[in-house]
Amino acid sequence: MNEKVKSISRTRAPGSAGAVIAHIDSIATLWAAGHTFDGIVAALKLPATGSQLRKVVFDNPDLVIRLDEYHEMRAQSLVEHAAELAYAAAATGEPAGYRIAIDTMMKLAAKLDPGAWGDGKKVEVTGAGGDPVAAKADITLSPSDAYARMVGAA
């Protein structure tokens, strides 16, 4: 096991959950700004890799809850960065090269904050007074009459 893996797996090591908890505000702020876990490790000079930081964060439910609080900010950051790339693509006249990055950022934003950036809308339909919708079917036709109606004979 290499030294970085050893340091993050020890409970009191600088790259441990304790150290991550101590830096969670900085980690969450950088994450919300659109940084990758590798970028966060580099910015905070943590003795770990981005993968190791991701594992420590997502193995700890309290840390996951903290990052969840920043989903909307991260989604907004991704959309803003996608807009910057779109402007750069327009300026260079080469939009094809930027399209994948823009599409990816928009898809991530939709996953993080589907209410604001998702494509689908959820519509709930209820009956009178909020009751379930009552389905009514007219099954008084005989099969032969129904067939005749279907083919336009009646």
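In the block above lies the structure referred to throughout.
Residues numbered from 1 in each chain as written. Predicted model: local features only at pLDDT ≥ 70, side-chain atom pairs only at ≥ 80, totals over all residues. Heavy atoms only, no water.

## Some details on the environment of Lys111
Thought 1: As for its position among the elements, Lys111 is in helix 8 (residues 95-112).
Thought 2: Residue classification places Lys111 among the exposed positions, given a relative accessible area of 71%.
Thought 3: Sequence separation between Lys111 and Ala75 is 36 residues; the distance between their C-alpha atoms is 8.3 Å. (Helix = DSSP H or I, 4+ residues; strand = E, 2+ residues; numbered from the N terminus. Buried < 20%, exposed > 50% of the residue type's maximum accessible area, 1.4 Å probe, protein only.)

## Remarks on the pattern of salt bridges
Thought 1: Under the counting rule described, the total for this entry stands at 4 salt bridges.
Thought 2: The residue Asp25 makes a salt bridge to Arg66 at a minimum N-O spacing of 2.3 Å. In this pair, Asp25 sits in helix 3 (residues 24-32) while Arg66 sits in helix 6 (residues 61-68), placing the two residues 41 residues apart along the sequence.
Thought 3: What makes Asp25 partly exposed here is its relative accessible area of 45%.
Thought 4: When its relative accessible area of 25% is taken as the criterion, Arg66 is described as partly exposed.
Thought 5: Residue Lys55 pairs with Asp59 through a salt bridge whose shortest N-O separation is 2.5 Å. Neither Lys55 nor Asp59 differs from the other in exposure class; each is exposed.
Thought 6: A cluster of three or more residues bridged by salt bridges with shared partners is formed by Asp25, Arg66 and Glu69. (Salt bridge = Lys/Arg side-chain N within 4 Å of Asp/Glu carboxyl O.)

## Here we look at a nonpolar patch on the surface
Thought 1: There is a patch of nonpolar side chains on the surface, built from Tyr147, Met150 and Val151 and spanning about 360 Å² of accessible area.
Thought 2: With respect to the helices and strands, the residue Met150 is situated in helix 10 (residues 143-150). (Patch = residues over 30% accessible without salt bridge, like charges linked within 9 Å, V, L, I, M, F, W, Y side chains within 5 Å. Areas by Shrake-Rupley, 256 points an atom, 1.4 Å probe, with all protein chains shown as cover.)

## Section: the packing of helix 3 against helix 4 (residues 37-44)
Thought 1: Relative to each other, helix 3 and helix 4 sit at 130 degrees, their axes nearing to 10 Å. Considering their axes alone, helix 3 and helix 4 lie oblique with respect to each other. As helix 3 packs across helix 4, the resulting crossing turns out to be right-handed. In this structure, helix 3 uses Ser26, Ile27, Leu30 and Trp31 to contact helix 4, whose residues at the interface are Phe37, Ile40, Ala43 and Leu44.
Thought 2: Looking at the contact of helix 3 with helix 4, its residues break down into 7 nonpolar, 1 polar and no charged. (Axes fitted to C-alpha atoms, helices over the stretch in contact; angles between N-to-C directions. Parallel < 35°, antiparallel > 145°, perpendicular 65-115°, else oblique. Left-handed = near helix turned anticlockwise from the far one by under 90°. Contact = heavy atoms within 4.5 Å. Nonpolar A, V, L, I, M, F, W, Y, C, P; charged D, E, K, R; others polar.)

Everything listed here is a matter of coordinates, which is why it stays silent on function.
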